[in-house]
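As a plain string of letters, each chain reads:
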Amino acid sequence: MLAFTLRRAVQAIGVMFAVGIIAFSMFRFAGDPVNQIVSIDTSAAEREVVRKSLGLDDPVPVQFVRYFADAAQFKFGVSYQFRQPVSTLLMERMPATLELAVCATVFAMVFGILMGVYSALKRDTVLAKLFQAVSLVGISLPTFLIGILLIYLFAVTLGWLPSFGRGEVVKLGWWSTGLLTLSGLKALIMPSITLGLFQMTLIMRLVRAEMLEVLRTDYIRFARARGLTTRAIHFGHALKNTLIPVITVAGLQFGSVIAFSIITETVFQWPGMGLLFVQAVQNVDIPIMAAYLLMVSLIFVTINLVVDILYTVVDPRLRATVGRAT
Amino acid sequence: MTEPVLSVRDLRVEFASRRGTLRAIDGVSFDIAKGEVLGVVGESGAGKSVTGLSVIGLIDPPGRIAGGEIRLAGLRIDNLPPEEMRRIRGKRIGMIFQDPLTSLNPLYRVGDQIIETIRTHLNLSETAARRRAIDLLAEVGIPAPERRIDGYPHEFSGGMRQRVVIALAICAEPELIIADEPTTALDVSVQAQIISLIKRLGRDHGTAVMLVTHDMGVIAETSDRVAVMYAGRVAEIGPVQDVVRNPLHPYAKGLMGAIPTLAGDDKRLMQIPGSMPRLSAIPRGCSFNPRCAFAFDRCRVDRPEPLPRGAQSVACHLYDDVPTESAA
């Protein structure tokens, strides 16, 4: 188990190294960063001073090593547009994105699993068919359209929910949370649904398919032959066996929830990392873009690692059987 | 005579399909007494497993019991509400399936699965149920049960898993065990152990056993009586020695003739020409008539009903006009 975790951790570091190379090369290939910082009428001498102060005149390998060493300590340089350390900017924005992503994922898991189980067990009911139809909409409609439709319905027409922003936030140390105020919670609802809808339909369809598959297995038939209650069979035996693929998908999707939050954050003007990234792209603010790339891939890699470890918790067959096997 | 543990009368099971209703079981009747092992043999698709599943009430739609009755110790069980039937399953009727590798839920410890079943049917505390589970594992011959009870199914071999499955089937002391091909998926050496285990359990607890298999060797070793099924009907039923040594129905004769012996005679094994009819194309009259060497006109028109002949009972027109008493 420890060896397994270590091996995965080493692989994760390798992936991060590769992403670091890509992030670094953005500095080289996306034009001369000095031009982004200085104004048009800056003299060549002044440009050289800026170039030197940023270390952009050093040989490429030196710059790379320096960048990577800094990045490992969460120092990503200074934003060209905000003139502030990128790490400070990211840290300010991260709570907003993470809260949104977690809420969206919880929403997707809870409703996805409930609807999936229901539509597997009561396959022929009207409600189950409705779920299937809704899931088709959720999969095929683009995120921004869903967001705009929600805003139109609940913010503009009904006026129940705010159309943009996070509402009031409360500071807990460096973390700012919108979960503790009513306006913060209200502001979370629509972005979470928008962001989580696709994952929800995905999980629902997955749970439904897996559940139908598991219900056909011999051990479910044997469980029925043992006279167990329907509830124990469905929710004890069948559901647990469907959870492995669900954990995989939900885990991996959490990464893309964070990555896709760019669109949702733009639609709802949510002050998170995604919005920061979009602004950075518009202004060719490469330190922010590179740092965002690194952060998102770090989250992805971490989640993969956690998912791998979670498997072994759910499925005893994957656990190292040292000592118990005879 | 005491009431049989299981009494099946004129059972009919039908499957609704797109091309009409298929009758998988057509008028099957048999009894199993306390402590008796009834072997049910026949080719694949003869209706052996469906008979077993309909007794325990696990025929899945589109299948349904279309007629007849099933009585467990006098209580009619074929038309019970689902919840009452569930209480009977596992408590009064235990079932063992063919493949022990897939019969156990891979994510739960075997002990938890046994304890769960015990506590579903018996009012026992967690610790008492655990003690009982360990006793059961010991009884079915699992070494070091107090340790193995915390093992997961994948840590057991096929034969050991089938023992666990048997422990699960008998954990509430059922009156009847239905064993559906319990040894087919196992090694020959393990088969013998499992068979003698089922036999011993039946003897020790007075449990009636319905042993479904296509292996005549297993039947000959284990059963007290044997029912030969063909195309959803019982062709012949009787004490195992009689049916094995002196089969009456031409199909049963063919089956017995197809068993190789070690006696060294170099006779060719008998074969039954052709194959069993599909459910959608069961011939008129006796369903065996197209393959039967003795078939005559009546066999192609009239369906033979099972008639007693000595200790046996046979559904074949060849025996229609012979008085029952003179048969020996």
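Our subject in this report is the structure included herewith. (Residues numbered from 1 in each chain as written. Chains lettered and ligands numbered in written order. Predicted model: local features only at pLDDT ≥ 70, side-chain atom pairs only at ≥ 80, totals over all residues.)

Scanning chain A from N- to C-terminus turns up twelve helices and two strands. When the helices and strands of chain A are listed from N to C terminus, the series reads α-α-α-α-α-α-α-β-β-α-α-α-α-α. In terms of overall dimensions, chain A has a C-alpha envelope of 85 × 65 × 35 Å along the principal axes. When contacts within chain A are restricted to residue pairs at least 6 apart in sequence, long-range pairs at least 24 apart make up 70% of them. (Helix = DSSP H or I, 4+ residues; strand = E, 2+ residues; numbered from the N terminus. Contact = placed C-beta atoms within 7 Å.)

This part takes up the nonpolar core. Of all hydrophobic cores here, the largest spans 153 residues; its most connected members are Ile203 of chain A together with Ala167, Leu176, Met210 and Val228 of chain B. When residues no more than four places from it in sequence are discounted, the contact partners of Met210 of chain B are Leu6, Ile32, Leu38, Val40, Gly52, Leu176 and Ile178 of chain B. (Core = buried A, V, L, I, M, F, W, Y, C linked by C-beta atoms within 7 Å. Buried ≥ 20, exposed ≤ 12 C-beta atoms within 10 Å, placed from the backbone.)

All names here are of chain B. Here helix H8 (residues 188–205) contains 18 residues, and its C-alpha end-to-end distance of 26 Å stays within 8% of the 26 Å for a straight helix at 1.5 Å per residue. Buried within H8 we find Gln191, Ile194, Ile195, Ile198, Leu201 and Gly202. Buried residues along H8 cover an arc of 130° about the axis, so they all sit on one side. Among the exposed residues of H8, those pointing more than 90 degrees away from its buried face are Ser189, Arg203 and Asp204. For H8, the elements touching its buried residues are strand E3 (37–41), helix H7 (158–169), strand E7 (176–180), strand E8 (208–212) and helix H9 (216–222). Gly206, located one to two residues past H8, shows a positive phi value of around 65°. (Expected span 1.5 Å × (residues − 1). Arc of directions from axis to C-beta.)

What follows is about the sheet that holds E8 of chain B. Residues and elements named next belong to chain B. If you walk across this open sheet you meet the eight strands as E6-E7-E8-E3-E9-E10-E12-E11, and the pairing is mixed. Where the open sheet ends on each side, the last strands, each with one partner, are strand E6 (93–96) and strand E11 (307–309). On average, each strand axis in the sheet is tilted by 20° relative to the strand beside it, whichever way the strands run. When strand E9 (residues 225–230) meets strand E10 (residues 233–239), the two strands line up antiparallel, connected through six bridges. Across the sheet, the residue bridging to Arg225 is Pro239, located in E10. Against the sheet, helix H1 (residues 48–56) touches E3, E6, E7, E8 and E9, its axis set at about 150° to E7. (Pairing = 2+ DSSP bridges. Axes fitted to C-alpha atoms, helices over the stretch in contact; angles between N-to-C directions.)

Here we take up the environment of Leu121 of chain A. All names here are of chain A. Here Leu121 lies in helix H5 (residues 86–121). Leu121 gets classed as partly exposed once you count the C-beta atoms within 10 Å, which come to 17. The sequence separation of Leu121 and Arg208 amounts to 87 residues, and the corresponding C-alpha distance is 8.4 Å.

Among the secondary structure elements, Lys91 of chain B is positioned in the loop between helix H2 (82–88) and E6. Look at Lys91 of chain B and you get partly exposed, because 19 C-beta atoms sit within 10 Å. Counting along the chain gives 149 residues from Lys91 of chain B to Val240 of chain B, while the straight-line C-alpha distance between them is 29 Å. In contact with Lys91 of chain B, not counting residues within four places along its chain, are Gly227 of chain A together with His121, Ala172 and Pro174 of chain B.

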